[in-house]
Amino acid sequence: MRRSTRSEAAHEPGASAEPKRRSSDGPSLRARALRLLARRDHTRAELAQRLAPYADDEAALQAVLDECAAKGWLDEQRAVQSHLHRRGQRLGAARLSAELRARGVDGEALAQARAWAEATEAQRAHAVWAHRFGQPPRDVAERARQQRFLLARGFAPEVVRRVVPQVVDGGDGAPGDDG
């Protein structure tokens, strides 16, 4: 008699494509939370989203989140600072704000992060440009490509225009042309 595989069992009538996860299967909810927090800092919303499939009910999930916050393992401000430290040197204020909102950060913590990002945006944009390109564009098309690179990383258009140098050789457009 042949045993059915998991993928075959999922195609049987009444079978779910993904098995239901229960807290009794594997580590406890608290252990899962600690394992996630040991890897990196999470916001409360992120941790709740990651743990939700394993929680029996919302009350158990909130109890674990409250315990983690009370013991200092779950700290919203520390999670924001960690994210800014990890991603802040490569991204502009708009992209950082969008990522933080996606992680469930709002209110005062988001406003502080946005203020820091906007205050240091010109220096960070120049560092990113210098690391990626390092030399002035040869023509208008190259300048546009360099500008698109920075814009895609969330840097403000006025900052990008100041950071990317004008065309040096004249190329397709007149020097000083904003492209």
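Basis of the calculations
Residues numbered from 1 in each chain as written. Predicted model: local features only at pLDDT ≥ 70, side-chain atom pairs only at ≥ 80, totals over all residues. Heavy atoms only, no water. Helix = DSSP H or I, 4+ residues; strand = E, 2+ residues; numbered from the N terminus. Buried < 20%, exposed > 50% of the residue type's maximum accessible area, 1.4 Å probe, protein only. Polar contact = N/O pair within 3.5 Å; in protein donor to acceptor, adjacent residues only side chain to side chain. Contact = heavy atoms within 4.5 Å. Core = buried A, V, L, I, M, F, W, Y, C linked by side-chain atoms within 4.5 Å. Axes fitted to C-alpha atoms, helices over the stretch in contact; angles between N-to-C directions. Parallel < 35°, antiparallel > 145°, perpendicular 65-115°, else oblique. Left-handed = near helix turned anticlockwise from the far one by under 90°. Nonpolar A, V, L, I, M, F, W, Y, C, P; charged D, E, K, R; others polar.

K.L.:
So what about the side chain of Glu99? Which residues, and what values?
P.N.:
Along the chain, Glu99 turns up in helix 6 (residues 93-102). What makes Glu99 buried here is its relative accessible area of 16%. A distance of 2.6 Å separates the side chain of Glu99 from the side chain of Arg87, its partner in a polar contact. Among all residues touching Glu99, those that are not within four sequence positions of it are His83, Arg87 and Leu91.

K.L.:
Outline the nonpolar core, listing residues and values.
P.N.:
By size, the foremost hydrophobic cluster in this structure holds 14 residues, and its most contacted members are Leu29, Leu47, Leu51, Leu61 and Leu65. For this core, the secondary-structure elements that each account for two or more residues are helix 2 (29-39), helix 3 (44-51) and helix 4 (58-70). By size, the runner-up hydrophobic cluster in this structure holds 12 residues, among which are Ala125, Phe155, Val159 and Val160.

K.L.:
Which residues make up the packing of helix 3 against helix 4, and what values do they have?
P.N.:
Between helix 3 and helix 4, whose axes approach to 11 Å, the crossing angle comes to 140 degrees. Overall, the two elements helix 3 and helix 4 adopt an arrangement that is oblique. Helix 3 and helix 4 meet at a crossing whose hand is right-handed. Of the residues in helix 4, those in contact with Arg44, Leu47, Ala48 and Leu51 of helix 3 are Leu61, Gln62, Val64, Leu65, Asp66 and Ala69. Looking at the contact of helix 3 with helix 4 residue by residue, the class counts come to 7 nonpolar, 1 polar and 2 charged.

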